[in-house]
Amino acid sequence: MPELPEVEYTARQLRSAIVGATIHEALVFWERTIGHPDLSDFLAEIADRRILGVRRRGKFLIIDLSEELILTIHRRMTGNLLLLPPGWEIDTSLKTTDPLAWNVKGPLIQRFTTKNMDDTERTINETSSDLLYCRVCFNLADGRRLLFTDPRKFGRIELWPSEREQEALKGLGPEPLSDEFTVETLVKSLAGRKGAIKQVLLNQEIIAGLGNIYADEALYYAFIHPLRPANSLTPAEIQLLHEGIVSVLTLGIEHGGTSFSEYRDLWGEAGDNYNHVHVYHQQGKPCLRCGTPIERIVVAQRSTHFCPTCQKLT
């Protein structure tokens, strides 16, 4: 699932690419992707809205629209946003010719270009596997298309009045890269919690945007075993954990996010942070600090990676 760095990186790309543009219309190819309001209301209300800004809250992308509306996008496990230049066409014929394939793949997105080949002009049909599984397409007034692709269909897009933003994003804790996320805040959040620290860190009410990848990396940074009870951490350990959370998230953004499966940025490029992780998906490889093989366990039904020497279960 894209976590804070992946969402923030995409938000920054969107901010530089689409602010000031107008959404002419939305095309929805998988109705359940729209979580609020009803589909007919969504299509009517999104049409001809100007994009005023792009923000992030936790793992949510927030697009501020004219007429005091906000568009929230939660990518969940496999959702991606891709921006196409003018010239790309959407073929929905599969919906009638092969409904089963349509439900899996969605429309075919392609463009036709003319190239000289062997002194003869030929029309070439261009497409890409990155453009499969399109669930929603926002057609911009300037001819560009903003696609939301999502192979597993877990992602959700919602449209809300700006005044109801708190309701739309309820249950989120402090932003870990904001001034409100202090060591004292983290101390209070962990006090009295007997659960494993890895499980607690994944709770979005504790820290908004922190997920599996960066929780593993932050715990490694702080020399803390993922099964340690959260309320057993010392003040010094919590301070180091706070530093680790901020550090690994910041580096994740700088490296364009972590791509090890479906995640891509706005231009279809994979993030580079996978080449900079220390424990995540590194089981069997030597720890960069002590040489001990990294181990993998399951905590709260999530793969968890750690160094058994650097992160002792005390």
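Refer to the structure presented above.
Colleague: Hey, could you run me through the overall build of the protein chain in this one?
Modeller: When helices and strands are counted, the protein chain shows nine helices and 14 strands. The C-alpha atoms of the protein chain give a radius of gyration of 22 Å, which matches the 20 Å a tight globule of 314 residues would have. Projected onto its principal axes, the C-alpha coordinates of the protein chain cover approximately 70 × 55 × 35 Å. Looking at the protein chain as a whole, 49% of its 314 residues qualify as buried. Taking all contacts inside the protein chain whose residues are at least 6 apart in sequence as the whole, residues at least 24 apart take part in 64%.

Colleague: Would you take a moment to explain the environment of L83 for this structure?
Modeller: You can see L83 is positioned in strand 6 (residues 80–84). L83 gets classed as buried once you look at its relative accessible area, which sits at 7%. Sequence separation between L83 and G268 is 185 residues, and the spatial gap between their C-alpha atoms is 8.5 Å. For L83, the contacting residues outside a window of four places in its chain are A17, I18, L140, R144, R145, L146, L266 and W267.

Colleague: Please clarify how helix 8 (residues 212–221) should be interpreted in this entry.
Modeller: Residues separated by three or four positions in an α-helix point in the same direction, a consequence of the helix having 3.6 residues per turn. Counting buried positions over the ten residues of helix 8 gives nine, a clear majority of the element. Of the positions making up helix 8, those classed as buried are N212, I213, Y214, A215, D216, E217, A218, L219 and Y220. The inward-facing, buried residues of helix 8 contact helix 1 (4–18), helix 7 (197–201), helix 9 (235–254) and strand 14 (302–306). After helix 8 finishes, the residue F223 shows a positive phi value of roughly 60°.

Rules used in this analysis
Residues numbered from 1 in each chain as written. Predicted model: local features only at pLDDT ≥ 70, side-chain atom pairs only at ≥ 80, totals over all residues. Heavy atoms only, no water. Helix = DSSP H or I, 4+ residues; strand = E, 2+ residues; numbered from the N terminus. Rg over C-alpha atoms; globule rule 2.2 N^0.38 Å. Buried < 20%, exposed > 50% of the residue type's maximum accessible area, 1.4 Å probe, protein only. Contact = heavy atoms within 4.5 Å.

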